[in-house]
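Remarks on the overall topology
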Amino acid sequence: MKSTKHLGIWMDHSIAHLMELTNDNIVSSTIESQPVIQGKEQNLKRDESLLHNKEQNHLSDYFKKLSKVILEYDEVLLFGSTDAKNELLNLLKADHLFSKIKFEVKLTDKMTENQKHAFVKDYFKS
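Residues numbered from 1 in each chain as written. Predicted model: local features only at pLDDT ≥ 70, side-chain atom pairs only at ≥ 80, totals over all residues. Heavy atoms only, no water.

**Things to note about the overall build of the protein chain**
- The helix and strand inventory of the protein chain stands at 4 helices and 5 strands.
- Going through the 126 residues of the protein chain one by one, you find that 34% of them count as buried.
- For the protein chain, the proportion of contacts with a sequence separation of at least 24, taken over those separated by at least 6, is 65%.
- Carbon and sulfur atoms form 48% of the exposed surface of the protein chain, whose accessible area is close to 8400 Å². (Helix = DSSP H or I, 4+ residues; strand = E, 2+ residues; numbered from the N terminus. Buried < 20%, exposed > 50% of the residue type's maximum accessible area, 1.4 Å probe, protein only. Contact = heavy atoms within 4.5 Å. Areas by Shrake-Rupley, 256 points an atom, 1.4 Å probe, with all protein chains shown as cover.)

**Regarding helix 3 (residues 84–93)**
- Every buried residue belonging to helix 3 is among Ala-84, Lys-85, Leu-88, Leu-89 and Leu-92, and all of these are buried. In a view along the axis of helix 3, the buried residues occupy a sector of 135°, so they form one face of it. For helix 3, the exposed residues lying more than 90 degrees away from the buried face are Asn-90 and Lys-93.
- Residues of helix 3 that are buried sit in contact with strand 1 (6–11), helix 2 (48–70), strand 4 (75–80) and strand 5 (102–107). (Arc of directions from axis to C-beta.)

**Some thoughts on the layout of surface pockets**
- When its volume is computed, the largest pocket comes out at roughly 160 Å³.
- Taken together, 10 residues line the largest pocket, and the ones lying closest to its centre are His-13, Ser-14, Ser-33, Gln-34 and Glu-55.
- Grouping the amino acids of the lining of the largest pocket by side-chain chemistry returns 3 nonpolar, 6 polar and 1 charged. (1 Å grid on protein atoms, 1.4 Å probe; cavity = no way out; pocket = protein on both sides within 12 Å on 5 of 7 lines; lining within 4 Å. Points joined across faces, edges and corners; volume = space filled by probe spheres on them. Nonpolar A, V, L, I, M, F, W, Y, C, P; charged D, E, K, R; others polar.)

**Looking at the pattern of salt bridges**
- Tallied over the full model, the rule gives 1 salt bridge.
- A salt bridge links Lys-106 to Glu-104; the shortest N-O distance between them is 3.8 Å. (Salt bridge = Lys/Arg side-chain N within 4 Å of Asp/Glu carboxyl O.)

**Brief notes about the sheet that holds strand 1**
- Ordered by their spatial adjacency, 5 strands build an open sheet running 3-2-1-4-5, and the pairing between neighbours is mixed. Looking at strand neighbours, the two that pair on one side only are strand 3 (25–32) and strand 5, the edges of this open sheet. Strand after strand, the sheet turns through a mean of 20° between neighbouring axes, direction not considered.
- Sheet topology places strand 4 next to strand 5; 6 bridges connect them, and they run parallel. Note that in strand 5 the partner of Phe-79 across the bridge is Lys-106.
- Those strands touched by helix 3 are strand 1, strand 4 and strand 5, and its axis lies near 160° from that of strand 5. (Pairing = 2+ DSSP bridges. Axes fitted to C-alpha atoms, helices over the stretch in contact; angles between N-to-C directions.)

Written as structure tokens, this is what we have:
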């Protein structure tokens with residue numbers, strides 16, 4: 001019988017903390033979004049749409065990196081305090097490649113690394 005692969009992801013728009021649960025042990029890694037470097041204020045006013053497009057492209061690249069990792073798991077818990085988790089879930093649900101993966105989204109406050117690990121363990125134990 002194949003064992004179920006579990007992944008917890010605490011995320012916001014700038015960083016994702018990935019926690020793979022195997023045999024009650026957590027293996028952690030991170031994926032960071034590339035920051036958009038802002039120029040002088042005058043350039044910002046003139047090129048606001050350009051800046052917005054850059055931000056969207058960076059966010060898209062960030063979500064693609066996460067998507068590649070998520071494909072390797074059977075159950076994924078997305079949690080955090082921002083809407084990034086919901087944006088990622090909507091993107092994944094639109095793609096048939098992710099249809100067999102069970103997703104859960106939970107709203108949480110800021111957490112320490114130990115709290116994140118405990119949250120993931122508690123969620124997948126039930």
